[in-house]
Every structure is written in structure tokens, then in C-alpha cells.
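As a plain string of letters, each chain reads:
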Amino acid sequence: MMKTAVFVEPGKMVVQELPKAQVKQPTDAVLKIVRACVCGSDLWWYRGISKRQANSPVGHEAIGIVESVGAAVTNVKPGDFVIAPFTHGCGHCAACLAGFDGDCLNKTDDEIVGYQGEYLRFKNADWALVKIPGQPADYTDAQLNDLLTLSDVMATGYHAATSAEVKAGDTVVVMGDGAVGLCGVIAAKLLGATRIIAMSRHADRQALAKEFGATDIIAERGDDAIQKVHELTNGAGADAVLECVGTELSVDTAVKVGRPGAVVGRVGVPQKAEMNTNNLFWKNIGLRGGIASVTTDDRQVLLAAVLKGEIHPGKVFTQRFKLADIQAAYEAMDQRQAIKSLLVISD
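Residues numbered from 1 in each chain as written. Predicted model: local features only at pLDDT ≥ 70, side-chain atom pairs only at ≥ 80, totals over all residues. Heavy atoms only, no water.

Caption draft 1: Focus on the layout of surface pockets. Its volume calculated, the second largest pocket comes out at about 230 Å³. As for the second largest pocket, its lining consists of 16 residues, of which Met2, Pro19, Lys20, Ala21 and Glu111 are closest to the centre. Mapped onto the lining of the second largest pocket, the elements with two or more residues apiece are β1 (2-9) and β7 (119-122). Looking at the lining of the second largest pocket, its residues break down into nine nonpolar, three polar and four charged. (1 Å grid on protein atoms, 1.4 Å probe; cavity = no way out; pocket = protein on both sides within 12 Å on 5 of 7 lines; lining within 4 Å. Points joined across faces, edges and corners; volume = space filled by probe spheres on them. Helix = DSSP H or I, 4+ residues; strand = E, 2+ residues; numbered from the N terminus. Nonpolar A, V, L, I, M, F, W, Y, C, P; charged D, E, K, R; others polar.)

Caption draft 2: Looking closely at empty space enclosed by the protein. Applying the stated criterion to the full structure yields one cavity of 30 Å³ or more. In this structure, the largest cavity occupies an estimated 30 Å³ of space. Listing elements by their share of the lining of the largest cavity, those giving two or more residues are α6 (179-190), β10 (195-199) and α7 (203-212). When residues in the lining of the largest cavity are grouped by element, the largest group, three residues, is from α6. The residue inventory of the lining of the largest cavity, partitioned by class, reads six nonpolar, three polar and two charged.

Caption draft 3: Spatial organisation of the sheet that holds β10. The strand order β11-β10-β9-β12-β13-β14 describes an open sheet built from six strands, whose pairing is parallel. The open sheet is flanked by β11 (216-218) and β14 (286-289), the only strands paired with a single partner. Each strand axis lies, on average, 20 degrees off the axis of its neighbour in the sheet, ignoring direction. Bridge count for strand β13 (residues 258-266) against β14 is four bridges, and the pairing is parallel. Residue pairing in the sheet places Gly265 in a bridge with Arg288 of β14. Across the sheet, helix α8 (residues 222-232) touches β9 (171-175), β10 and β11, and the angle it forms with β11 is around 155 degrees. (Pairing = 2+ DSSP bridges. Axes fitted to C-alpha atoms, helices over the stretch in contact; angles between N-to-C directions. Contact = heavy atoms within 4.5 Å.)

Caption draft 4: Examining the pattern of salt bridges more closely. Summed over all chains, the structure comprises 20 salt bridges. Lys3 is the partner of Glu17 in a salt bridge, and the nearest nitrogen-oxygen pair spans 3.2 Å. With Glu17 in strand β2 (residues 12-18) and Lys3 in strand β1, this residue pair connects regions lying 14 residues apart in the sequence. With relative accessibility at 38%, the residue Lys3 sits in the partly exposed group. One salt bridge connects Lys24 with Glu111, and the closest N-O pair in it is separated by 3.4 Å. Remark: Glu111 occurs in the loop between α2 (94-97) and β7 and Lys24 occurs in the loop between β2 and β3 (29-37); sequence separation between them is 87 residues. Note on Glu111: relative accessible area 32%, which makes it partly exposed. Residues joined in a network through salt bridges with shared partners are Lys24, Asp28, Asp109, Glu111, Arg121 and Lys123. (Salt bridge = Lys/Arg side-chain N within 4 Å of Asp/Glu carboxyl O. Buried < 20%, exposed > 50% of the residue type's maximum accessible area, 1.4 Å probe, protein only.)

Caption draft 5: Representation of the pairing of strand β12 (residues 238-243). In terms of burial, β12 is largely enclosed, as five of its six residues are buried. Sheet analysis places β12 next to β13, joined by five bridges and oriented parallel. Bridge pairing in β13 links Glu243 to Arg266. With helix α9 (residues 248-256) bridging β12 and its parallel neighbour β13, the resulting β-α-β unit is right-handed. (Right-handed = clockwise from strand over helix to strand, strands pointing away.)

Caption draft 6: Structural view of the pairing of β9. The buried fraction of β9 is high, at five of five residues. Residues Thr171, Val173 and Met175 point to one face of β9 and Val172 and Val174 to the other, with burial holding for every one of them. Sheet analysis places β9 next to β10, joined by five bridges and oriented parallel. The residue bridging Met175 from the neighbouring strand is Met199, located in β10. In the classification by handedness, the crossover that spans β9, the intervening α6 and the parallel β10 is right-handed. In this structure, β9 lies alongside β12, joined through four bridges in parallel fashion.

Caption draft 7: Representation of the sheet that holds β2 within the structure. Strand order across the open sheet formed by three strands is β2-β1-β4, with antiparallel pairing between neighbours. The open sheet terminates on both sides in strands that have one partner only, identified here as β2 and β4 (56-57). Taken together, the two bridges between β1 and β4 define a ladder with antiparallel strand orientation. Bridging from a neighbouring strand, Val6 pairs with Pro57 of β4.

Caption draft 8: Inspection of the packing of aromatic side chains at higher detail. Overall, the coordinates contain five aromatic pairs when judged by the stated rule. Note on Phe81 and Tyr139: the rings are 6.1 Å apart at their centroids and 50 degrees apart in plane angle, and the pair reads as tilted. Separated by 58 residues along the polypeptide, Phe81 in strand β6 (residues 81-84) and Tyr139 in the loop between β8 (130-132) and α4 (141-149) bring together distant segments of the chain. Across this residue pair, the class does not change: Phe81 and Tyr139 are buried. Between Phe281 and Trp282, the aromatic rings sit 4.8 Å apart at their centres with planes inclined by 90 degrees, giving edge-to-face as the arrangement. (Phe/Tyr/Trp six-rings, centres within 6.5 Å; stacked < 30°, edge-to-face > 60°.)

In C-alpha cells:
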């Protein structure tokens, strides 16, 4: 048996004893979780805004130790320390080969697995898991937190920036001051942006955005925010826009703060199916983005950046909890007391 966080109903999380995760497919691995966390996207069903199956395990971000592997898994072995991306790319389909493992075409099955627990059945483990040199004991507490962000939030912020085609010398607007938006600030700086305008109304998030590389803060929203961006850019607008919220207002604002020819990199889970694409046409604005390419970007850029100490995305974890306190971990994020809630599962 294993302890795992379970969603009971909107507003209610519990820890339950469930059957211990097992290898079910040759491409599976079972991980002993070291650290996990709560994601902003988890709040949509926690708040009852989106639907989720009652009494289902939860979570999609973790680092851990490989405990066992299926017969087809040769790239990782028991004892390896790994990042567990939420994307589960197979590594050989058209999407994965093109660098979009978040849209992998080879899903193994539909079992709901929860990363917020003691053990995890990880699918498509051979390619998708990202090996970390050494063992957890080789890293500081802060470094472990940095590594944990590579399972989703840092990779998602980076996907926003690469989707927006951020390049050296750019002026970038970042929509959203949650953990993804803040990681978007890190990504924009990593890619060479010289001016980074963060949209934020909360003092603690503004301070972290500045620490991560934001040069300007705009607290206004809607038309007032658009006006502020144009004032800061001499009426031109931004070269690239990172949309890390997903609401109708945020997407609309993102399109309107870009200069002609700008690209909006969109990673906020869309809250409305429709949008007015005419606004894109009249300014030659590009819109792209979607589910992050976690394994691809971790391997190519982000793991090395963390190991070299070039970026410190783990600072988005502003409160920590034990698994037994899962309800409090969700409440802290729901009530904006925490930017992101860390779950320390094991040593």
C-alpha cells in the first residue's frame, strides 16, 4: 500500500492508502517520490471550475528515485534519480521527434496516476524520464526545489518563451504572476531579452519577478495595462508576449500589447473556447503554444541551466508541506498565501 493525495470533491483533499504503484506495461517504471508540488492548474478542479473524477489521485509534478522498470526500459534503472515530467513522451512518434513531447501520439493507457504520493507508476519511462546526476543527498534543499520545477512549471514557462520566439535584445511582456509566469520571466532572460515587463498586482510576486529578471512591473489590467505597455515601449508594443494565465481577458490583452509582427506564446490553459482572431490579422500577430515540451527542453537546456546555477526557479515554492497536510497545501495556493506549495514526500 502507499499514501497518495486524493481529490474527494471541490475544496476537499485527503490522503488515502491505495495499492502501491506497479509496473503494468513493459514501458513503465515505478518511482519512489522525493518531492512533489501543487500546480496552478490543479486549482481549476479544486475550485470546481473544471470537472475531475471524484476520489481520484492527483498531481503531475515530481522528482524521485526509480524503484523498478518494465522489460522495455533500458535508459533508466533502479536507483536512478529522475525528473518525472507530466508529459510522458515516447521519444519516437512524429510529435516527440519534432520536439513536442507534450503532444506525444503514443499514450499507453488512461489510468489516472497521482504524483502527489509516495509512489508513482510512470508511463513511457524509457525516453520521458530525465536522469539527474547523483542522488538527492548530493543536492541542497534549494537545488532539489529547482530540479522539481523541471517536471512542469519551469519547462512550461520556457515553452511560452520559445513559442513566442524570444531572442536576444527583445522586449517581452509576461502575462501572469503565478509560478508559470514567474518562470516565464526566467526563460525570457535566459533567452536574452533585455526588457521584461511583468504583469503583476501582488507585492510578493512583483518582488520575485524583479529578482528573476523583470525590468518593469505593471499592476493594471485590461485597457489600462495595454496603455502602460505602449507608454513603456514608445507606442510600439512588445516583441514577444508570454500568456501564462488562460483567461479571456489575459489572452485578449496579450494580443493587444504586441507590436506588429509579434508572437504570443500561449501556455495558460484556455478558459474559453472562442477568441477573436481578427485582432491577430490586422497586426500580423502570431499565436502559438500549448502543452510544454518538458523532456525535450529539460535535456537540451533547462537541466544544465539548473545544475550550473544559472537559474533558480525553485524560489517559486514559498510554502512547504508534508503529504499528510495536503488540504493545507491546496488552501495556501487557493487563498494566494503561497505562490506554489511544495510537498516533501521522502528524503
